[in-house]
Number of protein chains: 2
Amino acid sequence: MKTIRPFTHAVDRLNAAGLRPTRQRLALARLLFEDGNRHITAEQLHREATEGGVKVSLATVYNTLNQFTEVGLLREVAVEAGRAYFDTNATAHHHFFNDDTGELLDIPGDSVVLSSLPDVPENMVIGAIDVVVHIRNK
Amino acid sequence: MKTIRPFTHAVDRLNAAGLRPTRQRLALARLLFEDGNRHITAEQLHREATEGGVKVSLATVYNTLNQFTEVGLLREVAVEAGRAYFDTNATAHHHFFNDDTGELLDIPGDSVVLSSLPDVPENMVIGAIDVVVHIRNK
DNA sequence: TCAATAATTTAGAATGATTTTAAAAAAGAA
DNA sequence: TTCTTTTTTAAAATCATTCTAAATTATTGA
Ligand SMILES: [Mn+2]
Ligand SMILES: [Mn+2]
Ligand SMILES: [Zn+2]
Ligand SMILES: [Zn+2]
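Note that the structure is predicted; figures quoted are calculated from it, not measured.

Colleague: Help me understand the relation of the copies chain B and chain A, please; the structure alone is not making it clear to me.
Modeller: The operation relating the two chain copies consists of a rotation about an axis and a shift along that axis. Placing chain B over chain A gives an RMSD of 0.1 Å and needs a rotation angle of 180 degrees, together with 0.0 Å of translation along the axis. Such values leave the two copies arranged in the relation of a two-fold axis. Taken as a fraction of all interface residues of chain B, those also at the interface in chain A reach 100%, which identifies the copy contact as same-surface.

Dropping the structure here:
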């Protein structure tokens, strides 16, 4: 008996998001979501697709990553100027960033706690809180 | 009677950092440090200099911002891919980032407290912790 | 003071990431 | 099938940043 889990298949995610399950989008969705959470750049995903025999242009990889982000399947994480990382875990969580290797890593669930929040400026509201813990070897 | 304060003048900062106090570096140092803390991009600083009658190339603005960062007079803050912000407060502190306007703002001293830190991966050490609180209007 | 030397600045080219354009291909509807 | 809309794509364009190589400026040490 099969347990019903949401978004088990890439095609379901795309349908739920109102995006046509095209060959390219399906292939990229599989690479992104089929093996647990990932943190990846457009270039990395494009290389991975190409090496895996998926014929897709870099422009489409960018389009797709941006579309997935718009519909909430991904989120963008800013760790250093110049490179955009996409995170397959779109829920609120924080990151280690290895400054030496450029690797982005999730910080486990509740191991970072913000015990107090600052007063937000007049007429402003908090959208998201990003904590990046920079780490290096040794 | 004059109170002796460190780095009151731009020239002192440059000397202390072992950087020749050239016309361009002095002008940029004044713009950066003479009116309290600032968060600024290379383009912004270049425009400000140019409008203020200081003749300096964009390449030199980049060179200078990078040099100042290397010697610890500035630090770089990553808030969104594509743009590098430089912060005249190089000590540890956190930021509000206005996603609508691109304005970067200090969070007052101790109003953000990380009450617990994550276990750092094997053979790794924490370099810095950046907290960015994204805010928007209304 | 003055040339020799070293550091700095600069215009413009180059790079790298990302977006745009406009046309071809694919997908969905009828 | 056709018709219509969406998607993909190659190539060009854009934007931030760095590099190159030559010109300028600052420092050194007779
Ligand atoms: Mn984007
Ligand atoms: Mn830099
Ligand atoms: Zn993550
Ligand atoms: Zn700051």
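There's plenty left to go through after this.
Colleague: Whenever I open this one, the protein's contact with DNA strand C confuses me. Can you help?
Modeller: As a matter of local geometry, DNA strand C sits amid 18 residues, with Y62 of chain A together with T22, R25, S57 and T60 of chain B nearest to it. In the interface set of DNA strand C, defined as its atoms within 4 Å of the protein, sugar plus phosphate atoms amount to 90%. N66 of chain A is positioned such that a nitrogen or oxygen atom in its side chain is 3.1 Å from a phosphate oxygen of DNA strand C. In the environment of DNA strand C, a phosphate oxygen lies 3.0 Å from a nitrogen or oxygen atom belonging to the backbone of A84 of chain A.

Colleague: So what exactly am I meant to see when it comes to the packing of aromatic side chains here?
Modeller: Any pair of aromatic rings gets described here by the distance separating the centres and the angle formed by the planes. Residues and elements named next belong to chain A. One pass over the structure, following the stated rule, counts four aromatic pairs over all chains. Residues Y85 and F97 carry aromatic rings whose centres are separated by 6.0 Å and whose planes lie at 80 degrees to one another, so their mutual orientation is edge-to-face. Residue Y85 is found in strand β3 (residues 83–87), and its partner F97 is found in strand β4 (residues 95–98); the two are separated by 12 residues along the sequence. The pair Y85 / F97 is uniform in exposure class, with both members buried.

Colleague: So what exactly am I meant to see when it comes to the coordination of the zinc ion (ligand 4) here?
Modeller: Perfect tetrahedral coordination of a metal by four donors corresponds to 109.5 degrees between them, and perfect octahedral coordination by six donors corresponds to 90 or 180 degrees. Residue and element names in this part refer to chain B. Distances from the zinc ion (ligand 4) to its protein donors, H39 (NE2), D87 (OD), H93 (NE2), H95 (NE2) and D106 (OD), fall within 2.0 to 2.1 Å. Spacing between the donor residues of the zinc ion (ligand 4) along the chain follows H-x47-D-x5-H-x1-H-x10-D. Taken together, the residues span a long stretch of sequence, with H93 in the loop between β3 (83–87) and β4 (95–98) and D106 in strand β5 (residues 104–106) at a distance of 13 residues. On the accessibility criterion, H93 (8% relative accessible area) is buried. On the basis of relative accessibility, which here comes to 24%, the residue D106 falls in the partly exposed class.

Colleague: Could you clarify how one ought to interpret the pairing of β3 of chain A in this entry?
Modeller: Strand residues, when the strand is regular, have side chains that alternate between the two faces of the sheet. Residues and elements named next belong to chain A. Strand direction decides the pairing type here: strand β1 (residues 39–40) and β3, joined by two bridges, are antiparallel. Pairing of H39 across the sheet is with D87, part of β3. Inspection of the sheet shows strand β2 (residues 75–80) paired to β3 by four bridges, in the antiparallel sense. Paired with E80 across the bridge in β3 is R83. Count of turn residues in the β2/β3 antiparallel hairpin: two residues, of which G82 carries a positive phi of about 105 degrees.

Colleague: What am I meant to see in the sheet that holds strand β1 (residues 39–40) of chain B here?
Modeller: Backbone-to-backbone hydrogen bonds join strands into a sheet, with any given pair of strands oriented parallel or antiparallel. Pairing is antiparallel in the open sheet, where three strands are placed in the order β1-β3-β2 (chain B). Lying at the two open borders of the sheet, with one neighbouring strand each, are β1 and β2 (75–80) of chain B.

Colleague: Mind showing me how you'd approach the pairing of β4 of chain B here?
Modeller: All names here are of chain B. Across the two faces of β4 the burial is the same, with H95 and F97 and F96 and N98 all buried. Bridging between β4 and β5 involves three bridges; their strand directions are antiparallel. Bridge pairing in β5 places H95 opposite D106. Linking β4 back to β5 in an antiparallel pair, the connection comprises five residues, with G102 at a positive phi of about 75 degrees. As judged from the four bridges shared by β4 and strand β7 (residues 124–137), these two strands associate in the parallel manner. What sits directly across from H95, in β7, is V132.

Colleague: How should I be thinking about the protein's contact with DNA strand D in this particular structure?
Modeller: Of all residues adjacent to DNA strand D, which total 18 residues, the nearest are T22, R25 and T60 of chain A together with Y62 and A84 of chain B. Backbone atoms, meaning sugar and phosphate, make up 90% of the atoms of DNA strand D lying within 4 Å of the protein. A distance of 3.4 Å separates a sugar or linking oxygen of DNA strand D from a polar side-chain atom of R20 of chain A. If you list the elements that add at least two residues to the surface near DNA strand D, you get α2 (23–33) and α4 (58–70) of chain A together with α4 (58–70) and β3 of chain B. With four residues, α4 of chain B is the single largest residue contributor to the surface near DNA strand D. Of the residues in the surface near DNA strand D, the class split is six nonpolar, seven polar and five charged.

Colleague: I'm lost on the side chain of S111 of chain A in this one. Help?
Modeller: Residue placement: S111 of chain A occurs in the loop between β5 (104–106) and β6 (113–116). One polar contact links the side chain of S111 of chain A to the main-chain carbonyl oxygen of P108 of chain A, over a distance of 3.0 Å. Sequence-distant contacts of S111 of chain A, defined by excluding residues within four places in its chain, comprise S116, L117 and P118 of chain B.

Calculation criteria
Residues numbered from 1 in each chain as written. Chains lettered and ligands numbered in written order. Predicted model: local features only at pLDDT ≥ 70, side-chain atom pairs only at ≥ 80, totals over all residues. Heavy atoms only, no water. Least-squares fit on C-alpha atoms with pLDDT ≥ 70 in both. Contact = heavy atoms within 4.5 Å. Near = heavy atom within 4 Å. Polar contact = N/O pair within 3.5 Å; in protein donor to acceptor, adjacent residues only side chain to side chain. Phe/Tyr/Trp six-rings, centres within 6.5 Å; stacked < 30°, edge-to-face > 60°. Helix = DSSP H or I, 4+ residues; strand = E, 2+ residues; numbered from the N terminus. Buried < 20%, exposed > 50% of the residue type's maximum accessible area, 1.4 Å probe, protein only. Donors = N, O, S within 2.8 Å, 3.2 Å for Na, K, Ca; no water. Pairing = 2+ DSSP bridges. Nonpolar A, V, L, I, M, F, W, Y, C, P; charged D, E, K, R; others polar.

Read these as layout, nothing more, since geometry by itself doesn't imply function.
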